[in-house]
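Coordinate analysis (summary)
Chain residues, written in single-letter form:
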Amino acid sequence: MPTLIALAGLPGTGKTSIAQALTRRTGAVLLRIDAIDAAIWQVDPAREGQGESYLIAGAIAVSNLGLGLNVISDCVNPWPVTRDVFQTAATQAGARHLGVELICSDPVEHRRRVQSRISDLPGFRVPSWSEVLARDYLPWREADLQIDTARTSINDAVCRIAEALR
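What this report covers is the structure whose coordinates are included nearby. Note that the structure is predicted; figures quoted are calculated from it, not measured.

Definitions and cut-offs
- Residues numbered from 1 in each chain as written.
- Predicted model: local features only at pLDDT ≥ 70, side-chain atom pairs only at ≥ 80, totals over all residues.
- Heavy atoms only, no water.
- Helix = DSSP H or I, 4+ residues; strand = E, 2+ residues; numbered from the N terminus.
- Rg over C-alpha atoms; globule rule 2.2 N^0.38 Å.
- Buried < 20%, exposed > 50% of the residue type's maximum accessible area, 1.4 Å probe, protein only.
- Contact = heavy atoms within 4.5 Å.
- Areas by Shrake-Rupley, 256 points an atom, 1.4 Å probe, with all protein chains shown as cover.
- Phe/Tyr/Trp six-rings, centres within 6.5 Å; stacked < 30°, edge-to-face > 60°.
- Lys NZ or Arg CZ within 6 Å of the ring centre and 35° of its normal.
- Salt bridge = Lys/Arg side-chain N within 4 Å of Asp/Glu carboxyl O.

1. Things to note about the overall build of the protein
Along the backbone of the protein there are 7 helices and 5 strands. Going from N to C terminus, the protein has its helices and strands arranged as β-α-β-α-α-β-α-β-α-α-β-α. Over its C-alpha trace the protein gives a radius of gyration of 15 Å, about what one expects of a compact globule, namely 15 Å for 166 residues. Referenced to the eigenvectors of the C-alpha coordinate spread, the extents of the protein come out at roughly 40 × 40 × 25 Å. Evaluated residue by residue, the protein yields a buried proportion of 46% over its 166 residues. Of the contacts formed within the protein by residues at least 6 apart in sequence, a portion of 79% connects residues at least 24 apart. A total accessible area of about 8,500 Å² is found for the protein, and carbon and sulfur atoms account for 55% of it.

2. Considering the packing of aromatic side chains
This model, assessed by the stated rule, comprises 2 aromatic pairs. With a centroid separation of 5.7 Å and 20° between ring planes, the pair formed by W41 and F124 is classed as stacked. Pair noted here: W41 is in helix α2 (residues 33-43) and F124 is in the loop between α5 (107-116) and α6 (129-134), with a separation of 83 residues, a long-range link. The exposure class assigned to W41 is partly exposed, which follows from its relative accessible area of 24%. Centroid distance Y54 to F86: 6.0 Å. Interplanar angle 55°. Geometry classified as tilted. A residue pair is termed long-range when its members are at least 10 positions apart, and Y54 in helix α3 (residues 52-66) and F86 in helix α4 (residues 80-92) qualify at 32 residues. By relative accessible area, Y54 is classed as buried at 12%. Of note, R83 hangs over the ring of Y137, and the distance from its end group to the ring centre comes to 5.3 Å.

3. Section: the pattern of salt bridges
Taken as a whole and assessed by the stated rule, the structure comprises 6 salt bridges. A salt bridge links R112 to E109; its shortest N-O distance comes to 2.7 Å. Of this pair, R112 and E109 both sit in helix α5, separated by 3 residues, roughly a single helical turn. Under the relative-accessibility criterion, E109 is labelled partly exposed at 23%.

Put into structure tokens, the structure is as follows:
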């Protein structure tokens, strides 16, 4: 049964690094919200995100899950309403949903990661540390997995998620 792996976590917690490594390991389809947002901003730089990127990713997820492919959503996924987009996509496609929340419990390391990030997407601006701290993010206590990337390597995180897929 295909699985939608929905990642969640503040910027700098390792979502993209883990999603890319997991994609290479499993061959899953990667849906990166930052890439969708960057494409939208190339068309309209003044546009504020209103959740369209999550809805677009959800629709693409349904199509790929319907083909029997696993899908990874790489996004902050900050609230129950955004998390529901991916749960609904999995349900519509008759697929399994695996929620994974990533945190970085070491504030010094988290800040270092955020401040050293360089965007690899044209038109996408990475948030500052103060913007990350001000972000409206609700912890995902009901996630199937919670991984502290201050204490877990990318490879170990990928192994944990891959194990949960079995």
